[in-house]
Amino acid sequence: MENNTRLKLIEVATELFALKGFAAVSVRELTVAAQINVSAISYYFNGKEGLYEAVLIEQLSPILQTIGEVQKNDSTSPVAQLTLYANQIAHIHALRPLISRFIYSEVTNPTEYGAPIIEKHLSQVYQFIDATLREGIARGYIREDLNITYAAVSLVGILNFYFIAKPFVSKLFPLPEHADSESEYVAHAFRIYLHGIMNSEA
């Protein structure tokens, strides 16, 4: 029962925080939407701030899980690892359509409670991409003259900006709308990215 209440609060808070922002959502609004006692937020999360942190961790945790799974499979090439990571990011965005709102909000207007969580996750993403690119260069898959920092930042942008900007971009461009459109975008964008970093002899 307790776990159900906790999960219900995270579910309700995810939508409210994503749509309105942390500051604009009140404790009363959260408890009314979840249909629970107002003291529950303090009991389970030590306040609205703790609930917001729990929401962000729940939203972002699949990204770190994906990195862990990709790194376990060390028999594949660095390019294959990046490809697998890119495909999984598309899947995560499809399952968690509000994740891009949280990332954008905390990157452009960081909060005291959310910014450290976003920074921690993005830092681990960068470290994974950085290490994979370096291994790719060492093994001859990727161009030696590559600026690794720029390449890592570019990949993060390619994989996430589409989902952040999609509501606006869809008003300007005829984006495809079907079940696999997210995966289709990532696969296409990642192919474009690879042609810019791969060694032509690989």
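Residues numbered from 1 in each chain as written. Predicted model: local features only at pLDDT ≥ 70, side-chain atom pairs only at ≥ 80, totals over all residues. Heavy atoms only, no water.

## Some details on the side chain of His 93
Step number 1: On the secondary structure map, His 93 appears in helix 5 (residues 78-95).
Step number 2: Ignoring sequence-local partners within four residues, the contact set of His 93 consists of Ile 99, Ser 100, Leu 159, Asn 160 and Phe 163. (Helix = DSSP H or I, 4+ residues; strand = E, 2+ residues; numbered from the N terminus. Contact = heavy atoms within 4.5 Å.)

## A short note on the UniProt feature "transmembrane region" (unreviewed entry) in the chain
Step number 1: Following the UniProt record, one finds the feature "transmembrane region" (unreviewed entry) at residues 148-165.
Step number 2: Secondary structure over residues 148-165 splits into 100% helix and 0% strand, and the C-alpha atoms at its two ends are 25 Å apart. (UniProt positions renumbered as here; feature names shortened; annotations may be inferred.)

## Side note on the UniProt feature "DNA-binding region" (unreviewed entry) in the chain
Step number 1: Per the UniProt record, "DNA-binding region" (unreviewed entry) is annotated on residues 26-45.
Step number 2: Along residues 26-45 the backbone is 70% helical and 0% strand, and the end-to-end C-alpha distance reaches 14 Å.

## Observations concerning the pattern of salt bridges
Step number 1: Inspection of every chain in the model, using the stated rule, returns five salt bridges.
Step number 2: Across the pair Arg 96 and Glu 58 runs a salt bridge whose closest N-O atoms are separated by 2.6 Å. Of this pair, Arg 96 sits in the loop between helix 5 and helix 6 (99-108) while Glu 58 is found in helix 4 (residues 48-72), placing the two residues 38 residues apart along the sequence.
Step number 3: Salt-bridge contacts for Asp 145 lead to Arg 143; the nearest nitrogen and oxygen are separated by 3.0 Å.
Step number 4: Relative accessible area serves as the criterion here: at 59%, Asp 145 is assigned to the exposed category. (Salt bridge = Lys/Arg side-chain N within 4 Å of Asp/Glu carboxyl O. Buried < 20%, exposed > 50% of the residue type's maximum accessible area, 1.4 Å probe, protein only.)

## Let's talk about the packing of helix 6 against helix 8 (residues 148-172)
Step number 1: Packing of helix 6 against helix 8 brings their axes to within 9 Å, and their N-to-C directions diverge by 100°. Classified by the angle between their axes, helix 6 and helix 8 sit roughly perpendicular to one another. When helix 6 is examined against helix 8, the residues Ser 100, Ile 103 and Tyr 104 are found in contact with a partner set consisting of Asn 160, Phe 163 and Ile 164.
Step number 2: For the contact of helix 6 with helix 8, a count of residues per class yields four nonpolar, two polar and no charged. (Axes fitted to C-alpha atoms, helices over the stretch in contact; angles between N-to-C directions. Parallel < 35°, antiparallel > 145°, perpendicular 65-115°, else oblique. Nonpolar A, V, L, I, M, F, W, Y, C, P; charged D, E, K, R; others polar.)

## Notes on the environment of Glu 11
Step number 1: Along the chain, the position of Glu 11 falls in helix 1 (residues 2-20).
Step number 2: Put simply, Glu 11 and Glu 58 are 47 residues apart on the chain and 9.8 Å apart in space, counted from C-alpha to C-alpha.

## Thoughts on the side chain of Asn 160
Step number 1: If you trace the backbone, Asn 160 turns up in helix 8.
Step number 2: Look at Asn 160 and you get buried, because its relative accessible area is 14%.
Step number 3: Once residues within four sequence positions are removed from consideration, Asn 160 is found in contact with Ile 89, His 93 and Ile 103.

## Considering a nonpolar patch on the surface
Step number 1: A surface patch of nonpolar side chains, amounting to about 360 Å² of accessible area, comprises Phe 168, Leu 172 and Phe 173.
Step number 2: Residue position: Phe 168 is located in helix 8. (Patch = residues over 30% accessible without salt bridge, like charges linked within 9 Å, V, L, I, M, F, W, Y side chains within 5 Å. Areas by Shrake-Rupley, 256 points an atom, 1.4 Å probe, with all protein chains shown as cover.)

## Observations concerning helix 9 (residues 181-197)
Step number 1: The end-to-end C-alpha distance of helix 9 is 25 Å, a good match for the 24 Å that 17 residues give at a rise of 1.5 Å each.
Step number 2: Where helix 9 is concerned, the buried positions are Ser 181, Glu 182, Val 186, Ala 189, Phe 190, Tyr 193, Leu 194 and Ile 197.
Step number 3: Its buried side turned inward, helix 9 meets helix 5, helix 7 (115-138) and helix 8. (Expected span 1.5 Å × (residues − 1).)

## Concerning the packing of helix 4 against helix 6
Step number 1: Two elements in contact, helix 4 and helix 6, have axes separated by 10 Å at closest approach and are oriented at 115°. Relative to helix 6, helix 4 is oriented roughly perpendicular. Considering how the two elements wind past one another, helix 4 and helix 6 form a crossing that is left-handed. In this structure, helix 4 uses Tyr 52, Val 55, Leu 56, Gln 59, Leu 60 and Ile 63 to contact helix 6, whose residues at the interface are Ile 99, Phe 102, Ile 103 and Glu 106.
Step number 2: Taken together, the residues of the contact of helix 4 with helix 6 sort by class into eight nonpolar, one polar and one charged. (Left-handed = near helix turned anticlockwise from the far one by under 90°.)

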